[in-house]
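Fold and geometry: a report
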Amino acid sequence: MNSWEDWQKPYRFGTLVIWPPDALREIVNSQRERTDPVSESYCEAHITVTQPLSDYLDDEEWDRLETILSSIASFEISYGPLKTFLPYPCIWYEIQPTEKVLKLRNVLHQTGFFNLDMKHPQNFIPHMTITEGLSGPEVNENLFQILQKESGKGLFQCKGLSYIVPNEDFRFQVKKALPLS
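The sections below set out a description of the structure shown in this document. (Residues numbered from 1 in each chain as written. Predicted model: local features only at pLDDT ≥ 70, side-chain atom pairs only at ≥ 80, totals over all residues. Heavy atoms only, no water.)

1. Side note on the sheet that holds strand S1 (residues 15-18)
Within a sheet, neighbouring strands are paired by backbone hydrogen bonds and run either parallel or antiparallel to one another. Reading across the sheet, the four strands line up as S2-S1-S7-S8 and stay open at both edges, with antiparallel pairing between neighbours. Every other strand in the sheet has two partners, leaving strand S2 (47-48) and strand S8 (172-179) as the edge strands with one partner each. The pairing of strand S7 (residues 160-166) with S8 spans seven bridges and is antiparallel. Looking at S8, one finds that Pro 166 is bridged to Phe 172. Strand contacts of helix H3 (residues 59-70): S1, S7 and S8, with the helix running at about 60 degrees to S8, the strand carrying the most contacts. (Pairing = 2+ DSSP bridges. Helix = DSSP H or I, 4+ residues; strand = E, 2+ residues; numbered from the N terminus. Contact = heavy atoms within 4.5 Å. Axes fitted to C-alpha atoms, helices over the stretch in contact; angles between N-to-C directions.)

2. A closer look at the packing of aromatic side chains
Scanning the entire structure with this criterion turns up 13 aromatic pairs. Each ring, one from Tyr 11 and one from Phe 172, has its centre 6.3 Å from the other, and the planes form 90 degrees; the classification is edge-to-face. Of this pair, Tyr 11 sits in the segment before S1 while Phe 172 sits in strand S8, and the two are 161 residues apart along the sequence. On the basis of relative accessible area, Phe 172 is assigned to the buried category, the value being 10%. With centroids separated by 5.2 Å and ring planes inclined at 80 degrees, the aromatic side chains of Tyr 42 and Phe 170 adopt a geometry described as edge-to-face. Of this pair, Tyr 42 sits in helix H2 (residues 37-42) while Phe 170 sits in the loop between S7 and S8, and the two are 128 residues apart along the sequence. Every member of this aromatic cluster is reached through a ring pair, and the members are Trp 4, Trp 7, Tyr 11, Tyr 42, Phe 170 and Phe 172. The cationic tip of Arg 105 hangs over the ring face of Phe 124; the distance from NZ or CZ to the ring centre is 4.0 Å. (Phe/Tyr/Trp six-rings, centres within 6.5 Å; stacked < 30°, edge-to-face > 60°. Buried < 20%, exposed > 50% of the residue type's maximum accessible area, 1.4 Å probe, protein only. Lys NZ or Arg CZ within 6 Å of the ring centre and 35° of its normal.)

Here it is, written out as C-alpha cells:
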C-alpha cells in the first residue's frame, strides 16, 4: 500500500458491489480495456453499491451484514442504455431499478461500517462504468456515439453482493460473496 496514491488509500478495506454475470462482465471489460485501460486495471466491470468500508470487519459485523442482506429479496437488474456526464469524462451503463440499488445502499450505509466522508455519497447514481477518462482515447461525444452503437441493453438477476478488496497493486479481487434472499 505504500506505493498507492492518496485517492486509493480509502479503498484499502474494500467495498461492496454487484458483480455482473461473466458474459456481461467480459463484454464491458473489453470496452473498459480499450477505452480506459488504467481503470480496467484497477477493477473489472461492476456496479458499485456502497462507499468503501471504514475498517476491516470482524465476524460479528460480517454476520450483521449477512443478516441484513438475507432479508432482501434478489431482484432483476436492467443495464443500458449508455449515459455520459460529458464534459466530465465518464461513459457508463444506466442501471435500473435505481430505487432498489439505492435502498440497498442506504440500508448498508446505516450500519456505520462505511466511509461516508468521501465524494458523492448522497447524489450517487447506480451505474456500470466503461470509462472514467483516466487513459485511452479522449472521452468526447464521438467516443460516446461509437460505444452506443456497440452497446446493448439487457437483464440479469442480482442474487447478491460481492466484497472486493484491492491487492498490493490496487487490483480489486472478490473476497466474499454475500447472497440476498
